[in-house]
Amino acid sequence: QVQLVESGGGLVQAGGSLRLSCTASGRTFSSYAMGWFRQAPGKEREFVAAISRSGGSTYYADSVKGRFTISRDNAKSTVYLQMNNLKPEDTAVYYCAAANVPLPFIVLRIPEYNYWGQGTQVTVSS
């Protein structure tokens, strides 16, 4: 069992930056590939970024590529999402998720994730 807790959300103006954190407790953090997803009001949850267990592989949705960076610190059991040049369309609840997969895979699909955090709200004003 893994518990995930996100933090770092808030209200920011367009063009600004935020860094989300997701800290895990329970089983060994390095056993899990991690991902960030988001869900805007009235829309389905969508993939944002993913990172492999070692951090050596990453993947981004086209909508955030070049603006967002996913990283992890296995010693701190934490995955991060650095969000720069934020746009109003980035407004959503952001969730982190953990998937128990072998090295060196990254996981893109929601059903393949085993554990989810409670989410943190990001609001970007124009």
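Treat the numbers as computed from the prediction; the structure is a model and nothing was measured.

Novice: When you look at the pairing of strand 5 (residues 46–51) in this model, what are you seeing that I'm missing?
Specialist: The two faces of a sheet get side chains in turn, since along a regular strand they alternate between them. In terms of burial, strand 5 is largely enclosed, as 5 of its 6 residues are buried. As defined by bridge partners, strand 4 (residues 33–39) adjoins strand 5 across 5 bridges and the pair is classed as antiparallel. If you follow methionine 34 over to strand 5, its bridge partner there is isoleucine 51. Hairpin connection of strand 4 to strand 5: 6 residues between the antiparallel strands, including glycine 42 at a positive phi of 75°. In this sheet, strand 6 (residues 58–60) lies alongside strand 5 in antiparallel orientation, the contact comprising 3 bridges. For alanine 49, the partnering residue across the bridge sits in strand 6 and is tyrosine 60.

Novice: Would you mind going over the nonpolar core with me for this structure?
Specialist: When a protein is soluble and globular, its nonpolar side chains tend to lie buried together. By size, the foremost hydrophobic cluster in this structure holds 40 residues, and its most contacted members are Leu4, Met34, Trp36, Leu81, Met83 and Tyr94. Put simply, the parts of the chain that give this core at least two residues each are strand 1 (2–7), strand 3 (18–26), strand 4, strand 5, strand 7 (68–73), strand 8 (78–83), strand 9 (92–99) and strand 11 (120–125). If sequence neighbours within four positions are ignored, methionine 83 has contacts with Gly16, Ser17, Leu18, Leu20, Arg67, Phe68, Tyr94 and Val122.

Novice: When you look at the packing of aromatic side chains in this model, what are you seeing that I'm missing?
Specialist: Geometry of an aromatic ring pair is reported as the spacing of the ring centres plus the angle between the planes. Under the counting rule described, the total for this entry stands at 6 aromatic pairs. Here a set of aromatic residues connected by ring pairs shows up, and it is made of Phe37, Phe47, Tyr59, Tyr113 and Trp116. Stacked on the ring of tryptophan 116, the Lys or Arg arginine 45 has its end atom at 4.9 Å from the ring centre. Here the basic side chain of lysine 65 rests over the ring of tyrosine 59, its NZ or CZ set 5.9 Å away from the ring centre.

Novice: Before we go on, may I ask you to explain the pairing of strand 9 in this structure?
Specialist: Extensive coverage of strand 9 is indicated by the burial of 7 of its 8 residues. Note that strand 4 and strand 9 share 7 bridges and pair antiparallel. Its bridge partner being in strand 9, alanine 33 is matched across the sheet by alanine 99. Pairing analysis gives 3 bridges linking strand 9 to strand 11, with the strands arranged antiparallel. Bridge pairing in strand 11 places tyrosine 94 opposite threonine 120. The pairing of strand 9 with strand 10 (residues 115–116) spans 2 bridges and is antiparallel. From the neighbouring strand, alanine 97 faces strand 10, where its bridge partner is tryptophan 116.

Novice: Just checking my understanding: could you explain the environment of cysteine 22 for this structure?
Specialist: Tracing the backbone shows cysteine 22 in strand 3. In this structure, cysteine 22 is in contact with Leu4, Val5, Glu6, Met34, Trp36, Ser77, Thr78, Val79 and Cys96, ignoring residues within four places of it in sequence.

Novice: Can you help me understand the side chain of arginine 67 in this one?
Specialist: Within the secondary structure, arginine 67 is located in the loop between strand 6 and strand 7. Judged by its relative accessible area of 9%, arginine 67 falls in the buried class. A polar atom in the side chain of arginine 67 sits 3.0 Å from the backbone oxygen of asparagine 85. Aside from chain neighbours lying at most four places away, what touches arginine 67 is Gln82, Met83, Asn84, Asn85, Leu86, Lys87 and Asp90.

Criteria and thresholds
Residues numbered from 1 in each chain as written. Predicted model: local features only at pLDDT ≥ 70, side-chain atom pairs only at ≥ 80, totals over all residues. Heavy atoms only, no water. Buried < 20%, exposed > 50% of the residue type's maximum accessible area, 1.4 Å probe, protein only. Helix = DSSP H or I, 4+ residues; strand = E, 2+ residues; numbered from the N terminus. Pairing = 2+ DSSP bridges. Core = buried A, V, L, I, M, F, W, Y, C linked by side-chain atoms within 4.5 Å. Contact = heavy atoms within 4.5 Å. Phe/Tyr/Trp six-rings, centres within 6.5 Å; stacked < 30°, edge-to-face > 60°. Lys NZ or Arg CZ within 6 Å of the ring centre and 35° of its normal. Polar contact = N/O pair within 3.5 Å; in protein donor to acceptor, adjacent residues only side chain to side chain.

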